[in-house]
Amino acid sequence: MPELPEAETVRRGLAEILAGTKIEGLEVFHPRTARYQNGGSAQLTQQLSGAHLDAVVRRGKFMWTLTSNGQALMMHLGMSGQFRPLAKQAGEAPVRHERARLYLSGGPAQSLSFIDQRTFGALYLSPTANTEDGAPAGCGSDSLLLPAGASHIARDLLDPHLDLVKVNQRIRKSKSPIKNVLLNQSIISGFGNIYADEALFVAGVHGARSASTLTRQQVAQILQAGIEIMERSLSRGGTSFDQLYVDVNGSAGTFADELLVYGRAGQACRECGHELSSISLNKRSHVYCANCQRPSRNLK
DNA sequence: AAGTAGACTTGGACAC
DNA sequence: ACGATCCAAGTCTACT
């Protein structure tokens, strides 16, 4: 499942393929992929044809590249999106689950396929505006131009311009379960179900606890754990829990064998041996150790 | 306004 | 064997 480390792995690959190239043509094979585009697939195709592309930028799980027509091409992986340079010719039949295809010139790849089994991913154009805090919009470029499509997304844990003190305060203002707050991309971006559960385990905090009951130190521990886990995962190309996430070369990430709780419900806690539990929070599974993560504990 | 619940999608797992 | 049901995910929309 693409979360921040997986998106950043893909961004690095995409940057080499897309930056400085020209889009010669575009085919959209599934209308849902262009569902956020005004005018749908036809508009996307028309507006992107002939456009020149800038650096590939990422904030949280949102990626984009600025185009010569003044808009940003938004690229979101959803839960199963993959970008692959498959060297396809115009008119060649789509491969299984291929939803769109770019034809490129001026770069290392002649084509770039967007493959997305579950169609939660998306490609669309968005207008841009300068960031309100005057810092670069995301990772991958110094540009301040932030697409409207990502303007509601908070800075992520690997962003050097993230204000950890403010985020800590904001989190503790919420009465929602801390797990839900971590998944709220408008408060802190980049977390998905995997890294949220992992960070909560490392910090020793039960995900059902109301964020407003946590101490500043506890929230700081959760955020610090998130930073360290995401950096470690990124260094291993991310987590490929199933076959839905691979990088632009088709390679899986290798962080799955380091996961401490995600996907391990019923197995032994790697810290204390207690059997790991699972509950549902906001319709998402939360795996935790009832011994290491006490719902009512105030301090670790 | 903050918070929650529903919708979307599809292939794999599972119980029958 | 086979249809049925549930599950997983990220984000947007709608409602309280």
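Residues numbered from 1 in each chain as written. Chains lettered and ligands numbered in written order. Predicted model: local features only at pLDDT ≥ 70, side-chain atom pairs only at ≥ 80, totals over all residues. Heavy atoms only, no water.

**Let's talk about the side chain of Thr131**
Consideration 1: Along the chain, Thr131 falls in the loop between strand 9 (128–130) and strand 10 (145–147).
Consideration 2: By relative accessible area, which is 9% here, Thr131 ends up buried.
Consideration 3: At 2.6 Å, the side chain of Thr131 forms a polar contact with the backbone oxygen of Ala135. (Helix = DSSP H or I, 4+ residues; strand = E, 2+ residues; numbered from the N terminus. Buried < 20%, exposed > 50% of the residue type's maximum accessible area, 1.4 Å probe, protein only. Polar contact = N/O pair within 3.5 Å; in protein donor to acceptor, adjacent residues only side chain to side chain.)

**Side note on the sheet that holds strand 7 (residues 111–116)**
Consideration 1: Ordered by their spatial adjacency, four strands build an open sheet running 1-6-7-5, and the pairing between neighbours is antiparallel. What marks the edges here is a single partner per strand, and that holds for strand 1 (22–28) and strand 5 (81–84). Averaged over all neighbouring strand pairs, the angle between strand axes comes to 15°, with direction disregarded.
Consideration 2: Note that strand 6 (residues 98–105) and strand 7 share five bridges and pair antiparallel. Looking at the pairing, Tyr103 lines up with Ser111 of strand 7. (Pairing = 2+ DSSP bridges. Axes fitted to C-alpha atoms, helices over the stretch in contact; angles between N-to-C directions.)

**What to know about the UniProt feature "domain: FPG-type" (unreviewed entry) in chain A**
Consideration 1: What UniProt calls "domain: FPG-type" (unreviewed entry) maps, in this numbering, to residues 260–294.
Consideration 2: In the segment residues 260–294, helix accounts for 0% and strand for 29%; the C-alpha atoms at its two ends are 17 Å apart. (UniProt positions renumbered as here; feature names shortened; annotations may be inferred.)

**Some points on the domain arrangement of chain A**
Consideration 1: Once the domains are mapped, chain A shows domain 1 (4–150) and domain 2 (164–288).
Consideration 2: Between domain 1 and domain 2, the C-alpha centre-to-centre distance is 27 Å.
Consideration 3: Of the residues lining the interface, 22 residues belong to domain 1; the matching set on domain 2 comes to 20 residues.
Consideration 4: Overall, the association of domain 1 and domain 2 removes approximately 1,600 Å² of surface from exposure, summing both partners, and the carbon and sulfur fraction of that is 64%.
Consideration 5: Summed over the shared surface of domain 1 and domain 2, the result is six residue pairs in polar contact (both at pLDDT 80 or more).
Consideration 6: At the level of elements, helix 1 (4–18) and strand 5 are the ones that each hand at least two residues to the side of domain 1 that touches domain 2. (Domains from an automatic or database assignment. Contact = heavy atoms within 4.5 Å. Buried area = accessible area lost by both parts, 1.4 Å probe.)

**Some remarks on the pattern of salt bridges**
Opposite charge on two side chains permits them to pair, given that their charged atoms come into close proximity.
Consideration 1: Applying the stated criterion across every chain, the model contains 14 salt bridges.
Consideration 2: Across the pair Arg11 and Glu8 runs a salt bridge whose closest N-O atoms are separated by 2.9 Å. Of this pair, Arg11 and Glu8 both sit in helix 1, separated by three residues, roughly a single helical turn.
Consideration 3: Taking relative accessible area as the criterion, Arg11 reaches 9% and is therefore assigned buried.
Consideration 4: For Glu258, the salt bridge is made with Arg236, and the minimal N-O distance between the two is 2.3 Å. With Glu258 in the loop between helix 6 (216–235) and strand 11 (277–281) and Arg236 in the loop between helix 6 and strand 11, the pair connects residues that are 22 residues apart, well separated along the chain.
Consideration 5: Of the residues examined, Glu258 reaches a relative accessible area of 25% and is grouped as partly exposed.
Consideration 6: The network of salt bridges with common partners includes Glu8, Arg11, Arg12, Arg58 and Asp156. (Salt bridge = Lys/Arg side-chain N within 4 Å of Asp/Glu carboxyl O.)

**Some remarks on the nonpolar core**
Consideration 1: Counting 31 residues, the largest nonpolar core has Leu157, Ile171, Ile178, Phe191 and Ile222 as the members making the most contacts within it.
Consideration 2: Among the elements of the structure, helix 3 (164–172), helix 4 (178–183), helix 5 (193–203) and helix 6 are those that each provide at least two residues to this core.
Consideration 3: Here this core takes seven residues from helix 6, the largest share from any one element.
Consideration 4: For Ile178, the residues in contact, after removing those within four places along its chain, are Ile171, Leu200, Val205, His206, Gly207, Arg209, Ala211, Leu214 and Ile222.
Consideration 5: Core analysis: the second largest hydrophobic core is formed by 27 residues, Leu44, Phe83, Ala109 and Phe114 among them. (Core = buried A, V, L, I, M, F, W, Y, C linked by side-chain atoms within 4.5 Å.)

**A short note on the protein's contact with DNA strand C**
Consideration 1: Lining the immediate surroundings of DNA strand C are 17 residues, of which His76, Met79, Phe120, Tyr262 and Arg284 lie closest.
Consideration 2: Within 4 Å of the protein, the contacting atoms of DNA strand C are drawn from sugar and phosphate to the extent of 57%.
Consideration 3: Between a phosphate oxygen of DNA strand C and a side-chain N or O atom of His152, the distance comes to 3.1 Å.
Consideration 4: Taken together, the residues of the surface near DNA strand C sort by class into six nonpolar, seven polar and four charged. (Near = heavy atom within 4 Å. Nonpolar A, V, L, I, M, F, W, Y, C, P; charged D, E, K, R; others polar.)

**Topic: the sheet that holds strand 2 (residues 53–59)**
Consideration 1: Taken in spatial order, the four strands of this open sheet run 2-3-4-8, and their pairing is antiparallel. Across the chains shown, the open sheet's two edge strands, defined by having one partner strand only, are strand 2 and strand 8 (122–126). On average, each strand axis in the sheet is inclined to that of its neighbour by 25°, with strand direction left out of account.
Consideration 2: The pairing of strand 3 (residues 62–67) with strand 4 (residues 72–76) spans five bridges and is antiparallel.

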